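# Survey of secondary and tertiary structure
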Amino acid sequence: MPWISDEASVNFAAMRFVIITAVLGLAFLFNTGCTKEDQPDGDGSVDITFRMDSGYTWQHDTVPVSDTLRIGVTVTKGSDNLRTFFVDVAYDGGPRIRQDSAHVDSNPFSYEKTVITRDQAGTETWWFSVDEYDGDITRRALTLTVQ
């Protein structure tokens, strides 16, 4: 072009190169962002929740001796498949005693238990655990003060 000097032509070409490179670089960064499905195994965690419907015990509570309670638990898998669900109880801060176990065969996995509290005052901590095939274990506890 006769009306544009050689210096202006070089500056225009350099600016065009910088803009194109910046646009391609940004497009690459936005296109390779992490999503939940791209995370490596173990990054997604298991979710253990208690049923909160009427008639269910779902929070730490004070209850009478020899009370009958219903506890409902739902387990949703994270990144890894689930293997086994366990229920343990510990009295007055003592060791855990296994009460039940079940093979996890669905996602989400649901479990219900009727608990009859002891006939003496103290604490009962009910542990609900699930282990994954990679060996990770997720636990959630519910502590009942029995009076």
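Computed from a prediction, not measured in an experiment: that's the story for all the values here.

We now examine the overall build of the protein chain. From N to C terminus, the protein chain includes one helix and eight strands. Within the protein chain, buried positions represent 27% of all 147 residues. As presented, the protein chain carries roughly 9,800 Å² of accessible surface, and 54% of it is formed by carbon and sulfur atoms.

Looking now at the sheet that holds strand β6 (residues 109-116). Spatial ordering of the open sheet is given by β1-β3-β6, a layout of three strands whose pairing is antiparallel. Either end of the sheet is taken by a strand with one partner, and the two such strands are β1 (47-50) and β6. Direction aside, the axes of adjacent strands within the sheet are offset by 25° on average. With eight bridges connecting them, strand β3 (residues 68-76) and β6 associate as antiparallel partners. Looking at the pairing, Thr 68 lines up with Ile 116 of β6.

Our focus in this paragraph is the nonpolar core. Ile 71, Val 73, Val 75, Phe 85, Trp 126, Phe 128 and Val 130 are the most contacted members of the largest nonpolar core, which totals 22 residues. Listed by contribution, the elements that provide at least two residues to this core are β1, β3, β4 (82-91), β6, β7 (122-132) and β8 (137-146). Contact partners of Phe 85, with chain neighbours within four places excluded, come to Val 73, Val 75, Asp 100, Ser 101, Ala 102, Val 104, Phe 109, Tyr 111, Phe 128, Ser 129 and Val 130.

Read across the sheet, five strands follow the order β2-β8-β7-β4-β5 without closing on themselves; strand pairing throughout is mixed. Each end of this open sheet is capped by a strand with a single partner; those strands are β2 (61-63) and β5 (97-103). Within the sheet, the average angular offset between the axes of one strand and its neighbour, ignoring direction, is 25°. Bridge count between β2 and β8: three bridges; the pairing is parallel. Opposite Val 63, over in β8, you have Val 146 as the bridge partner.

Analysis parameters
- Residues numbered from 1 in each chain as written.
- Predicted model: local features only at pLDDT ≥ 70, side-chain atom pairs only at ≥ 80, totals over all residues.
- Heavy atoms only, no water.
- Helix = DSSP H or I, 4+ residues; strand = E, 2+ residues; numbered from the N terminus.
- Buried < 20%, exposed > 50% of the residue type's maximum accessible area, 1.4 Å probe, protein only.
- Areas by Shrake-Rupley, 256 points an atom, 1.4 Å probe, with all protein chains shown as cover.
- Pairing = 2+ DSSP bridges.
- Axes fitted to C-alpha atoms, helices over the stretch in contact; angles between N-to-C directions.
- Core = buried A, V, L, I, M, F, W, Y, C linked by side-chain atoms within 4.5 Å.
- Contact = heavy atoms within 4.5 Å.

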